[in-house]
Every structure is written in structure tokens, then in C-alpha cells.
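Descriptive analysis of the structure
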Amino acid sequence: MNERQGVTRHRDDQMEFDFIVIGSGFGGSVSALRLAEKGYKVAVMEMGRRWTTDNLPPTSWFIRRWLWRPRLGLRGFFNMRFFRHATIFHGCAVGGGSITYASTLLPPPEKVWESGSWTGLADWKTEMPRHYETATRMLGITENKILGPADHLLQRAAEASGIGHTFYCTKVGIFQPAGAEPGKSFPDPFFGGEGPERSTCIACGGCMMGCRFGAKNTLDLNYLYLAEKNGARVFPETKVVDVRPIDGASDGNAGYEVHTVKSTALIRRQPRRFTCRAVVFSASSLGTMELLFHLKEKGSLPAISSQLGQHVRTNSESLIGARTPGYSQDLSQGIAIGSGIYIDEHTHIEAVRYPNGSDAMGFLTTILTDGRPGPQRIALWLKTLIGFLLRHPFKTVRVLQPRGWAREFVILLCMQALEGEIEMRWQRPWFWPFRKFLVSRGEKVPTYIPEANEFAKKFAQLTGGFAMSMLPEILFDVPGTAHCIGGCVIADSSDHGVVDDRHRVFGYKNVYICDGAVVAANLGVNPSLTITALAERAMSFIPPKGRERLE
Ligand SMILES: Cc1cc2nc3c(=O)[nH]c(=O)nc-3n(C[C@H](O)[C@H](O)[C@H](O)COP(=O)(O)OP(=O)(O)OC[C@H]3O[C@@H](n4cnc5c(N)ncnc54)[C@H](O)[C@@H]3O)c2cc1C
Ligand code: SF4
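Attention here is on the structure that accompanies the text. (Residues numbered from 1 in each chain as written. Chains lettered and ligands numbered in written order. Predicted model: local features only at pLDDT ≥ 70, side-chain atom pairs only at ≥ 80, totals over all residues. Heavy atoms only, no water.)

Okay, the nonpolar core next. Judged by nonpolar contacts, the single largest core of 97 residues is most densely connected at Val243, Phe281 and Ile513. If one sorts the elements of this core by residue count, helix 12 (residues 528-540) sits on top with seven residues. Those residues in contact with Val243 that sit more than four places away from it in its chain are Ile22, Tyr256, Glu257, Val258, Val279, Phe281, Leu295, Ser300 and Leu301. Core analysis: the second largest hydrophobic core is formed by 42 residues, Met208, Met209, Ile367 and Ile411 among them. (Core = buried A, V, L, I, M, F, W, Y, C linked by side-chain atoms within 4.5 Å. Buried < 20%, exposed > 50% of the residue type's maximum accessible area, 1.4 Å probe, protein only. Helix = DSSP H or I, 4+ residues; strand = E, 2+ residues; numbered from the N terminus. Contact = heavy atoms within 4.5 Å.)

This is the structure:
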């Protein structure tokens, strides 16, 4: 740690840990490994459970092991949070979002370093490539070699639309060595024997239900695995509820106490107190914002910048798709996101699938409906639905019921790299005035992307199927997104953001944020690779233990 952080060394021996990392996702796992390698005593507090190939659910019907809502007895790894401007999907597990993510790992275009509050604070274009390289190696990124029927259909639909040349195979963190037979085990192929045994991908399409075959390169098999090997202690099912400076040093110079409860307990919540010299918030964009708002308000960390909650970005996303009852091939085969295309400069579509039997999402899909969001779109949807029911009653009922959905459905995830942001505030909602929650404010994110709908129709024509929309997008005009970033962005001062370009929180000593919250621009691609690379960079500035004052 450097002079600015001014660590008080005489108390070290009384502290339980040098660093406490809150959250074990991409930012948290990188931080844990790099700090442990530098000789620090590290604890990782993770609200979610630890998952193995033995306890992951086979399909989305195993709702208790899929969804995270512990108060309702649901202790899975996938959470949905509902806001006025977006439904935000995120992971909650040892390994954070990596357990449920589709493992598409793409670098953003260089121009992202020229927009947003991080512009000019570092020579990003020179510095970042080496951190992307390290992240790429650690996450085991490769070009997808397994194209399933859904990917071939995407390619054919792109060709039929005159954009066949934009078709590409995704870059993914999945173990797919060339020529190896599916499901074959290998001793650690990534870290010179230091990592765990791995198996090759069997193309079951189940990546977003958690890989039960040890083929997806989740964080508990790379960064976090190695962090634990280097002495970091992971505390699963442990939710951080308070972080306070100790010994009256309001800037945190004397260290911090971190309070936790058992996240999966309903009654005996087992409160615990830990002490440490430094804290890394890595609870994801949403989780870190929520915790910091709470700590700012209750007076534990009152000096957090008032920019907290600003510049939240969700990508402009729309989920559409096509369902083809009785299609000759199983469309759930392949990897979760195997390929993509560009329908124009800003608009990108990926072919997405769930594994055979994971049909619960089928309740959320309906007949494709065009039109501007609002009551007119709902009326148009009803008119379209009634028209279909009258013209093809059996087929329409067949595509609306969930059974067989994953085998017959291709989700088309449409992302637009257009600038647009919302704000999160800590407020009492009108319908529940008893406590404060995160609420969203700002311009609505569009849920209807006309070019994407046109493409879905072409796609459906190819298979003789039905183009489909997501019901919540039509009824509530709220898009779904798995890519919430920002809210504690990197900036030059606390007037414009929450952390500096080395991820140090303005107003406190030895507090960092390393997760999607710091991202200051719309990436236009899935964000996990960038979060990993940024965390690698942030950790590279922290000197090894014992050399804190030598920087
Ligand atoms: C279904 C799905 C598919 C996705 N697919 C992709 C993809 O293909 N490619 C891609 O790049 N991204 C994908 N994402 C997004 C990706 O998962 C996130 O961008 C990424 O995980 C964010 O990393 P992070 O470090 O910010 O936090 P996370 O990985 O979200 O980790 C944060 C962790 O902090 C924990 N936490 C939160 N609050 C507390 C607390 N108070 N105390 C203790 N622990 C806490 C959470 O439980 C969580 O485990 C997907 C997401 C979903 C939901
Ligand atoms: S397709 Fe199946 S085996 Fe391959 S990574 Fe995804 S879940 Fe694992």
C-alpha cells in the first residue's frame, strides 16, 4: 500500500486479516488471489453458497437450487431484481456470477477508454492490453469450437438477411481442447498442475444452470481456487452488513471492523465481527451500491461520495427468440452462447440456449409483438395473440406452454452499444414506506428494437416456427439485463465518481472497489473480461506485504 493509504503498521498483529474482500465474483476473486500471492492474510466474505458438480441443479425446475431468495427458502445461485427501468439478473455464489454466466468473454472496442469519467486518468490504451492478456490466460479463453443447431440456424438467418459475413463464434471460458472427446478428464490443463482436474465440454447447453461437468472455467476453478491454495479463506453464506473504521480514526487509517450474518439463516443469523487493515468491495455493481448506500446512511462510512448510484449502465438489451415445435434437432445442444452476428454497426445478436428440460423460462415468452412500448403495445399483443389463436389454435397453445421449451427455443439476445444510463437512489418506495431500497431513476431503456424483431421473424421463417417476445418487456416495458455496470465509477475526484483510477475509494484509506461498479463507460459487450482486467490492474499497484511504504 502506498503513502496515500497511510497504513498504520503497529496494529497489524491485532488484526485478524490484512484484507477482507466482500464478494467472490470476478473482481473479488482476482483481488483475493493477487493479494494472497503478495503475502497478505486475506478473507473473502461471500453471501452465496459453494457449488460443486454434485449439488448443481440439472434443470431450472429445481427452483430451490436455482433461484436466490433465501427468505423464501430458495438458496440457488441466480437472482432477479426488479426495478422500474430494468429487471437485473445476477449471480450469487462462491465464484459470483461465473457460476451462472454464459462465459462469453469479449474485449470491448478501444473507444470505451475515450468516453465516461475515466477518460484521461490513465494511459488506458497502453496499460490495459497486458491486463486483458493476463485475464484471458487465467480465464482460459478460447474460440468456441462447438456449434450447435441453434448456431447453424443463426448463421443461415444471417446469410438470408445479407449479413452472413458478420457471423462469428464466441470467445468463451470453456475447456474445449481441439480433438479431445467430450466429457474426458484431464489433469489441470491451465496452471501447470497447480489447478484442479478438468473435463471437456459435452455441449449440453447448461452453462447458465451451472456446469455439472467441470468444463466451464468458473472462478472457483481458477482465480479463487488458486487464492485458497495461497492461503485466502473463503467464508460462504456470509453476508457483510456493516464496515466501520476502528479506533475512532474516521478515515479508516487504523483499520476496519466488518460485521457479517449468515445469509441463509432465517432466525439465528450468527452475527460475527472481523477486523482488518483494508477492505475490497467486490459485491457487484448492484451489491456494492446497495451496501455502500446502507453504510453511508447509517453513518458507518458517511464520507462516501454523493456520486454513489450515478452512471449505472445496463447495455441496451432486448430478449426475443423463436420457438419451433417438433423441430428435427435439439436446439438446446451446444454451449449457452455459441455464436453471434451484427445486424448493424451498433446492434449485436447472440444465439442463447438453456439445457434440455430447463423449461421454466417458457412461462415468460409469448408471441412476438412490434410497436412502441406502452398501452398500445399491450393492445397490439392481445390482438396478435387472439389472431394467432383463431388461425392456428393448436400450434399457438403448443408454443405458449412451457413443456419442451428448451429443446425448441432459441433465445436471441440483442445488445445495442448506444450511450444511455440510469441512476440508482436509496429511497423508501411509495408501496413500502418502512425501509429504504435501491430504486432506479432516469430515462427509460428501450425494450423494442425494430431491427431485432425483423431478424427474429426471418429466423422463425427458416424453421417454420414462431417469433417470440418476452412477456415482461411487453406488459411492463421493462427490459431484462444480465449486464448491470457502474454506480461507483472511476473519476478524477469525489465530485465525479466514487473511486480514483487505482480503485481507491475517495474519503477513506485502504478501501477499494473492484467489480462492475467502477466501469465508467458503456462497453457494448459482455462485461466480465473487462471487470477481470480492471481488477488485475488495480491489484498490480498494491505492493507485496512488508513493502507497503516502499512504493
Ligand atoms: C444468466 C447470466 C449470464 C451471464 N452471462 C455473461 C457472459 O456470458 N459474459 C459476461 O461477461 N457476463 C455475463 N453475465 C454477467 C456477469 O455475471 C457479471 O457481469 C459479473 O459476474 C460481474 O462481476 P462482479 O465482479 O462485478 O460481481 P459478481 O460476479 O456478481 O460477484 C459479486 C458477488 O458478491 C456477493 N455479494 C453481494 N453482496 C454481498 C454482501 N453484502 N456480502 C457478501 N457477499 C455479497 C454476491 O453473492 C456475488 O457472488 C451473466 C450474468 C447472468 C446472470
Ligand atoms: S455446455 Fe454443458 S458441459 Fe459445456 S460448459 Fe456448458 S454446462 Fe458445461
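What follows deals with the site of ligand 1. Close contacts around ligand 1 come from 37 residues, with Glu46, Gly97, Thr104, Gly516 and Ser528 the closest. Here a nitrogen atom of ligand 1 and a backbone polar atom of Met47 are 3.1 Å apart. Residue Ser528 places a main-chain N or O atom 2.8 Å away from an oxygen atom belonging to ligand 1. Contact with the protein chains hides 95% of the accessible area of ligand 1, taken as 1000 Å² for the molecule alone. (Near = heavy atom within 4 Å. Polar contact = N/O pair within 3.5 Å; in protein donor to acceptor, adjacent residues only side chain to side chain. Areas by Shrake-Rupley, 256 points an atom, 1.4 Å probe, with all protein chains shown as cover.)

A separate point is the sheet that holds strand 24 (residues 466-470). If you walk across this open sheet you meet the seven strands as 8-18-19-21-17-24-20, and the pairing is antiparallel. Every other strand in the sheet has two partners, leaving strand 8 (168-169) and strand 20 (365-367) as the edge strands with one partner each. Relative to strand 21 (residues 409-416), strand 17 (residues 316-323) runs antiparallel, the two sharing eight bridges. When the sheet's bridge partners are listed, Glu317 is paired in strand 21 with Met415. Helix 4 (residues 149-160) contacts strand 18 (337-342), strand 19 (347-352) and strand 21 of the sheet and is inclined by roughly 10° relative to strand 18. Across the face of the sheet, helix 10 (residues 450-463) comes into contact with strand 17, strand 18, strand 19, strand 21 and strand 24 while running at roughly 20° to strand 17. (Pairing = 2+ DSSP bridges. Axes fitted to C-alpha atoms, helices over the stretch in contact; angles between N-to-C directions.)

A separate point is the sheet that holds strand 6 (residues 87-91). One open sheet holds the three strands; their spatial order is 5-6-25, and the pairing between them is mixed. Here the strands that pair on one side only, and so sit at the sheet edges, are strand 5 (78-82) and strand 25 (480-481). With two bridges joining them, strand 6 and strand 25 adopt parallel strand pairing. Counted as the bridge partner of Thr87 is Gly480 from strand 25.

We now examine the packing of aromatic side chains. Applying the stated criterion across every chain yields a total of 24 aromatic pairs. Ring centres of Phe19 and Tyr512 lie 6.3 Å apart, and the angle between their planes is 40°; this geometry places the pair in the tilted category. Here Phe19, found in strand 1 (residues 17-22), pairs with Tyr512, found in strand 27 (residues 511-513); they are 493 residues apart in sequence, far enough to count as distant. We classify Phe19 as buried; its relative accessible area is 0%. Above the plane of the ring of Phe186 lies Lys184, whose end atom (NZ or CZ) is 5.4 Å from the centre. Above the face of the Phe437 ring, Arg435 is positioned so that its terminal group lies 4.1 Å from the ring centre. (Phe/Tyr/Trp six-rings, centres within 6.5 Å; stacked < 30°, edge-to-face > 60°. Lys NZ or Arg CZ within 6 Å of the ring centre and 35° of its normal.)

Let's shift gears to the site of ligand 2. Ligand 2 sits among 14 residues. The nearest are Cys201, Ile202, Cys204, Cys207 and Cys211. Given that more than half its atoms are within 2 Å of the pocket grid, ligand 2 belongs to the largest cavity. Tallied by class, the residues present in the shell around ligand 2 amount to ten nonpolar, three polar and one charged. (1 Å grid on protein atoms, 1.4 Å probe; cavity = no way out; pocket = protein on both sides within 12 Å on 5 of 7 lines; lining within 4 Å. Sits in = over half its atoms within 2 Å of the grid points. Nonpolar A, V, L, I, M, F, W, Y, C, P; charged D, E, K, R; others polar.)

Going through the model one piece at a time under the given rule, you end up with 26 salt bridges. A salt bridge links Arg50 to Glu228; the nearest nitrogen and oxygen atoms lie 3.0 Å apart. Taken as a pair, Arg50 in the loop between strand 2 (42-45) and helix 2 (63-66) and Glu228 in helix 5 (residues 223-229) lie far apart in primary sequence, 178 residues in all. The exposure class assigned to Glu228 is partly exposed, which follows from its relative accessible area of 29%. (Salt bridge = Lys/Arg side-chain N within 4 Å of Asp/Glu carboxyl O.)

With that settled, the discussion passes to the packing of helix 1 (residues 26-37) against helix 12. Contact geometry for helix 1 and helix 12: axes closest at 8 Å, N-to-C directions at 30°. As far as their axial angle goes, helix 12 and helix 1 are roughly parallel. Two packed elements cross with a definite hand, and for helix 1 against helix 12 that hand is right-handed. Note on element contacts: helix 12 touches helix 1 through Ser528, Ile531, Thr532, Ala535, Glu536 and Met539, opposite Phe26, Gly27, Val30, Ser31, Arg34 and Leu35. Its residues assigned to classes, the contact of helix 1 with helix 12 comprises six nonpolar, four polar and two charged. (Parallel < 35°, antiparallel > 145°, perpendicular 65-115°, else oblique. Left-handed = near helix turned anticlockwise from the far one by under 90°.)

As a further point, take the packing of helix 3 (residues 124-138) against helix 12. Helix 12 packs onto helix 3 with a crossing angle of 110° between their chain directions and a minimal axis gap of 8 Å. Here helix 12 runs roughly perpendicular to helix 3, going by the angle between their axes. In terms of crossing hand, the pair formed by helix 3 and helix 12 is right-handed. Contacts between helix 3 and helix 12 involve Trp124, Glu127, Met128, His131, Tyr132, Thr134, Ala135, Thr136 and Met138 on the former and, on the latter, Leu529, Thr530, Thr532, Ala533, Leu534, Glu536, Arg537 and Ser540.

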